[in-house]
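Per-entry structural report
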Amino acid sequence: GDKKALERIAMALSFGETLILQDLGEELDSALDAVLRRAVLKRGRSDVVIFRGKEVEYNRSFRLYLQTRLQNPHYRPEVAAQVT
């Protein structure tokens with residue numbers, strides 16, 4: 001994925017921002033897997049998620065919206081099951 005976009009996602013995770021990813025195709029960057037799975041770990045008093053191989057602090061106010069222009073997208077079953 002785009003390095004700048006991935007850095008922006010990491011910042012949004014840490015600061016609890018709302019992030020909208022637009023114009024997505026049917027394939028999502030594998031870096032999003034832990035975020036989509038909501039794989040949040042406890043490290044002391046902090047919550048973290050492993051993002052791009054690094055522990056990134058996770059703020060529970062973080063929201064991610066995925067938007068596509070495809071009329072009938074076909075995502076992998078595991079991706080479809082992870083998002084609501």
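Residues numbered from 1 in each chain as written. Predicted model: local features only at pLDDT ≥ 70, side-chain atom pairs only at ≥ 80, totals over all residues. Heavy atoms only, no water.

When helices and strands are counted, the chain shows 3 helices and 5 strands. Reading the secondary structure of the chain in the N-to-C direction produces α-β-α-β-β-β-β-α. For a compact globule of 84 residues, the expected C-alpha radius of gyration is about 12 Å, and the chain comes in at 13 Å, within 12% of that figure. Projected onto its principal axes, the C-alpha positions of the chain cover 45 × 25 × 20 Å. Of all 84 residues assigned to the chain, the portion counted as buried reaches 29%. Partitioning the intrachain contacts of the chain with sequence separation of at least 6 by distance along the chain shows that 63% fall at a separation of at least 24. Looking at the chain as shown, the accessible area adds up to about 6,000 Å², and 49% of this sits on carbon and sulfur atoms. (Helix = DSSP H or I, 4+ residues; strand = E, 2+ residues; numbered from the N terminus. Rg over C-alpha atoms; globule rule 2.2 N^0.38 Å. Buried < 20%, exposed > 50% of the residue type's maximum accessible area, 1.4 Å probe, protein only. Contact = heavy atoms within 4.5 Å. Areas by Shrake-Rupley, 256 points an atom, 1.4 Å probe, with all protein chains shown as cover.)

Our focus in this paragraph is the side chain of Asp 47. The residue Asp 47 is located in strand 3 (residues 46-51) in this model. You can call Asp 47 buried: its relative accessible area is 10%. A polar contact is formed between the side chain of Asp 47 and the side chain of Lys 42, at a distance of 3.2 Å. One polar contact links Asp 47 to Arg 60, side chain to side chain, over a distance of 3.0 Å. If we ignore the near neighbours within four places in the chain, the residues touching Asp 47 are Val 40, Leu 41, Lys 42, Val 56, Glu 57, Tyr 58 and Arg 60. (Polar contact = N/O pair within 3.5 Å; in protein donor to acceptor, adjacent residues only side chain to side chain.)

This brings us to the nonpolar core. Ile 9, Leu 13, Phe 51 and Phe 62 are the most contacted members of the largest nonpolar core, which has 20 residues in total. Elements that contribute at least two residues to this core include exactly helix 1 (3-15), strand 1 (18-21), helix 2 (33-37) and strand 3. For this core, the element with the most residues is helix 1, which contributes 5 residues. The residues touching Ile 9, leaving out its near neighbours within four places in the chain, are Leu 19, Leu 21, Leu 32 and Phe 51. (Core = buried A, V, L, I, M, F, W, Y, C linked by side-chain atoms within 4.5 Å.)

A separate point is unusual backbone geometry. With phi around 60°, Asp 23 is a residue other than glycine that occupies positive phi space. As for its placement among the helices and strands, Asp 23 is situated in the loop between strand 1 and helix 2. Not every positive phi belongs to a glycine, and Arg 52 is a case in point at roughly 60°. Turning to its location among the elements, Arg 52 is positioned in the loop between strand 3 and strand 4 (54-57).

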